[in-house]
Number of protein chains: 2
Amino acid sequence: MKVDVKKFDFQSEKILGSLSPMDKELFLKSGDELTFKKKKLIFYEGGIPTGAFLIQEGRAKIYKTGLDGKDQIFYVYNKGDLLGYHALLCNEKYEDSCEALEDCKVLFISESKFHHLLEQIPNLKLLLIQNMSHEFGVLVNTITVLAQKPLRERLALYLLILNERYRSEDTDIILPREDLANIVGTARESLGRLLKEFREEELIEIDNKIIRIKDPAKLQKIASSEYV
Amino acid sequence: MKVDVKKFDFQSEKILGSLSPMDKELFLKSGDELTFKKKKLIFYEGGIPTGAFLIQEGRAKIYKTGLDGKDQIFYVYNKGDLLGYHALLCNEKYEDSCEALEDCKVLFISESKFHHLLEQIPNLKLLLIQNMSHEFGVLVNTITVLAQKPLRERLALYLLILNERYRSEDTDIILPREDLANIVGTARESLGRLLKEFREEELIEIDNKIIRIKDPAKLQKIASSEYV
DNA sequence: AATAAAGTATAACAAATATCACATTTTTTT
DNA sequence: AAAAAAATGTGATATTTGTTATACTTTATT
């Protein structure tokens, strides 16, 4: 059965997108614009949440640092995505960290404003519930993939997922090897070797940091365990 | 740093537990009692959700079946837990399956009743939001553990987690090796080897299916990568 | 209680992936 | 533009974990 890339997408842009123009304006007005330079932390594991973030420009990675210092990245947020509200809403400390992969323009909605919005916009609670319900499925799928699929299939799958995530704004996949390794859940060296194989099999093109998908159909097959 | 077992607990019993006695009664009245024999499916991946479930007696596993037929279990629900509402709330098909590990008594709340309750009990939406926000953290932690920790540490950790999950009701950990392997994310044989080692190191006692924790402190150390 | 079925243990072996050490290239800083 | 720093590529090797095959136990069924 074909792997569905959409099952790995939080669709966090739907929350805002589903609001009426009036509510949306209200929401956007409640935020303050912040700028995060590439590699700057937006929030970090163990920190106390002070608000939520809406990405207006750029991409950011959500990750956890393991005890051995190795990061596990489990999502790359994109322009339009709302994030960082989980810990805020359950009154816990951040379970994860968020770092800008590129220079980012972000709208910050403070905790009090966010809670205020939840009351002002009756629909918002339900939209959050819907979105988090969906996210649950995404994470469950992520767990299964990481725990079960061999490296080659994981890489194929994540290249397709990232391609989708990067496509929205023009570009090809462009992120450090180390990050890609931490998404796929492997060592940098093992990743490099496989990327080379993929290139030799003409599945992708590599131009330094840039990875360009050449044969999505075949990658799809590999990701779906249909191809050896 | 010590691993916190609570960070792997959905705390799904808090939803009901946080309702006022009146609201709780209303909730409980909206359900129909069902019985599921051991190994019976409560719902399954790809199925269309028709309601939510509250476990009144017994335990159930939530899992996904990989393309190779191997299951990945990512949670064991317990008496008092509310489950199966995610797919319901985002209008998607079930992303996972749920099977009774023991004979279960379950309260079924149909979709229409559940939505009705969401309107009748104003607090319920927020409780769901809080709970799902917390669940997000749990799943994120699960991903990191499965993707990064070596088998030995994973097993130590999950033994502690399961011990907590089984403690509520008297017993020691009692579930088939295959299931334990599918929780820890390994092959049955590899699990068996390690269990034997753990027994030889006097960390656990094994009595057929039953696993009894003997040295939680040392298991904790292993789980926290502090012990070789 | 006897038989079948399911689950479990074990050892030898194979495969996948990580680690290490170092060369090379690219990017950033001065 | 040169120097330093960071990131990447590569091969040899070690380690971990999975696989296969088979014997053994426990649990379920008749």
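Residues numbered from 1 in each chain as written. Chains lettered and ligands numbered in written order. Predicted model: local features only at pLDDT ≥ 70, side-chain atom pairs only at ≥ 80, totals over all residues. Heavy atoms only, no water.

Attention now moves to the sheet that holds strand β9 (residues 173-174) of chain A. Residues and elements named next belong to chain A. If you trace the three strands from one edge of the open sheet to the other, you get β9-β11-β10, paired in antiparallel fashion. The open sheet terminates on both sides in strands that have one partner only, identified here as β9 and β10 (204-207). In terms of strand pairing, β10 meets strand β11 (residues 210-213) through four bridges, oriented antiparallel. Paired with D207 across the strands is I210, a residue of β11. (Pairing = 2+ DSSP bridges. Helix = DSSP H or I, 4+ residues; strand = E, 2+ residues; numbered from the N terminus.)

In this model, S225 of chain A sits at a positive phi of 60°, which is unusual for a non-glycine residue. By the secondary structure assignment, S225 of chain A is in the segment after α9 (216-223). S225 of chain A gets classed as partly exposed once you look at its relative accessible area, which sits at 35%. The phi angle at N208 of chain B is positive, at roughly 55°, despite the residue not being glycine. Relative to the helices and strands, N208 of chain B is located in the loop between β10 (204-207) and β11 (210-213). Note on N208 of chain B: relative accessible area 65%, which makes it exposed. (Buried < 20%, exposed > 50% of the residue type's maximum accessible area, 1.4 Å probe, protein only.)

This next bit is on the protein's contact with DNA strand C. Neighbouring DNA strand C are 17 residues; L151, T186 and S190 of chain A together with K39 and K196 of chain B lie closest to it. Among all atoms of DNA strand C positioned within 4 Å of the protein, those belonging to sugar or phosphate total 69%. Residue K39 of chain B places a side-chain N or O atom 2.9 Å away from a phosphate oxygen belonging to DNA strand C. For the surface near DNA strand C, the secondary structure elements donating two or more residues are α8 (188-200) of chain A together with α7 (177-184) and α8 (188-200) of chain B. With four residues, the single largest contributor to the surface near DNA strand C is α8 of chain B. Taken together, the residues of the surface near DNA strand C sort by class into four nonpolar, three polar and ten charged. (Near = heavy atom within 4 Å. Polar contact = N/O pair within 3.5 Å; in protein donor to acceptor, adjacent residues only side chain to side chain. Nonpolar A, V, L, I, M, F, W, Y, C, P; charged D, E, K, R; others polar.)

Looking now at the side chain of R154 of chain B. Residues and elements named next belong to chain B. Mapped onto the secondary structure, R154 falls in helix α6 (residues 151-167). An unpaired buried charge is present at R154: no salt bridge exists, and E153, the closest side chain of opposite charge, is 8.7 Å distant. When near neighbours in sequence (up to four residues on either side) are disregarded, R154 contacts V145, L146, K149, V184, G185 and T186. (Lys, Arg positive; Asp, Glu negative; His and termini not counted. Salt bridge = Lys/Arg side-chain N within 4 Å of Asp/Glu carboxyl O. Contact = heavy atoms within 4.5 Å.)

So, on to the pattern of salt bridges. For the coordinates displayed, the defined rule picks out 34 salt bridges over all chains. The residue E45 of chain B makes a salt bridge to K64 of chain B at a minimum N-O spacing of 3.2 Å. With a gap of 19 residues between them, E45 of chain B in the loop between β2 (41-43) and β3 (51-57) and K64 of chain B in strand β4 (residues 60-65) connect regions that are remote in the sequence. Residues joined in a network through salt bridges with shared partners are K7 of chain A together with E45, K64 and E95 of chain B.

So, about the relation of the copies chain B and chain A. In the superposition of chain B on chain A (RMSD 0.0 Å, axial shift 0.0 Å), the rotation amounts to 180°. Taken together, the rotation and translation relating the two chain copies correspond to the operation of a two-fold axis. Of all interface residues in chain B, 98% are interface residues in chain A too; the two copies therefore contact each other through one and the same surface. (Least-squares fit on C-alpha atoms with pLDDT ≥ 70 in both.)

Next up on the list: the protein's contact with DNA strand D. DNA strand D sits among 17 residues. The nearest are K196 of chain A together with L151, T186, E189 and S190 of chain B. The sugar-phosphate backbone supplies 55% of the atoms of DNA strand D found within 4 Å of the protein. K39 of chain A has a polar side-chain atom sitting 3.1 Å from a phosphate oxygen of DNA strand D. With respect to DNA strand D, the side chain of R193 of chain A contributes an N or O atom lying 3.3 Å from a base nitrogen.

Reports often express the size of an interface as the amount of accessible area lost when the parts come together. Taken together, the contact between chain B and chain A spans 43 residues of the former and 42 residues of the latter. Here chain B and chain A share an interface that buries about 3,900 Å² over both sides, 70% of which is from carbon and sulfur atoms. Area buried by chain B at its contact with chain A is led by F136, I143 and Q148 of chain B, which between them contribute 18% of it. Remark: the boundary between chain B and chain A carries two salt bridges. Between the two partners, chain B and chain A, sit eleven residue pairs in polar contact (both at pLDDT 80 or more). Per-element accounting of the side of chain B that touches chain A gives the leading share, 20 residues, to helix α5 (residues 122-148) of chain B. Considering only residue class, the side of chain B that touches chain A consists of 18 nonpolar, 14 polar and eleven charged. (Buried area = accessible area lost by both parts, 1.4 Å probe.)

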